[in-house]
Amino acid sequence: LNLLKKTTANRFFEYIDIDGYEIYLLSGDDNKLYRDFVINETKKDKKIILVATQVIEAGVDIDMDLGLKDISLIESEEQFMGRINRNSIKQGKVYFFNYDDT
């Protein structure tokens, strides 16, 4: 789940509670150690929901099956889509929505 604002990401993170899923929040405020930990968790064979700001759009090696993104710039949408089904193991899906103003 990719959101534009830290306040919105925090709000979604506090709200999401789904049995069987580990839920992580990642934003530009997180240090490298925590960011690396979360990225490594996404590579394990477990169910994860990652709520993040645009920090995951470029330069982050993650591969997710499903992506939800608050729309912004076309370049950002392309970067985000590159994080979905990156390894072509499954069929990935991306959904866009309009929540915060860009």
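Further up the page is the structure itself.
Residues numbered from 1 in each chain as written. Predicted model: local features only at pLDDT ≥ 70, side-chain atom pairs only at ≥ 80, totals over all residues. Heavy atoms only, no water.

Draft legend 1. Main features of the pattern of salt bridges. All chains considered together, the criterion is met by 7 salt bridges. A salt bridge links Lys-32 to Asp-36, with the shortest nitrogen-to-oxygen separation between them at 2.9 Å. Note that Lys-32 and Asp-36 are positioned in helix α2 (residues 32–42) at a spacing of 4 residues, about one turn of the helix. One salt bridge in this structure joins Asp-61 and Lys-43, with 3.5 Å as the shortest N-O distance. In this pair, Asp-61 sits in the loop between β2 (48–52) and β3 (66–70) while Lys-43 sits in the loop between α2 and β2, placing the two residues 18 residues apart along the sequence. Taken together, the shared-partner salt bridges connect Glu-22, Glu-41, Lys-44 and Lys-46 into one network. (Salt bridge = Lys/Arg side-chain N within 4 Å of Asp/Glu carboxyl O. Helix = DSSP H or I, 4+ residues; strand = E, 2+ residues; numbered from the N terminus.)

Draft legend 2. Spotlight on α2. Val-38, Ile-39, Glu-41 and Thr-42 are the residues of α2 that are buried. Here the buried residues of α2 occupy an arc of 160 degrees about the axis, which is enough to place them on one side. More than 90 degrees from the buried face of α2, the exposed residues found are Lys-32 and Leu-33. In this structure, the buried side of α2 is in contact with β1 (22–26) and β2. The opening residue of α2, the one whose side-chain oxygen lies 3.1 Å from the backbone nitrogen of Leu-33, is Asn-31. (Buried < 20%, exposed > 50% of the residue type's maximum accessible area, 1.4 Å probe, protein only. Arc of directions from axis to C-beta. Contact = heavy atoms within 4.5 Å. Polar contact = N/O pair within 3.5 Å; in protein donor to acceptor, adjacent residues only side chain to side chain.)

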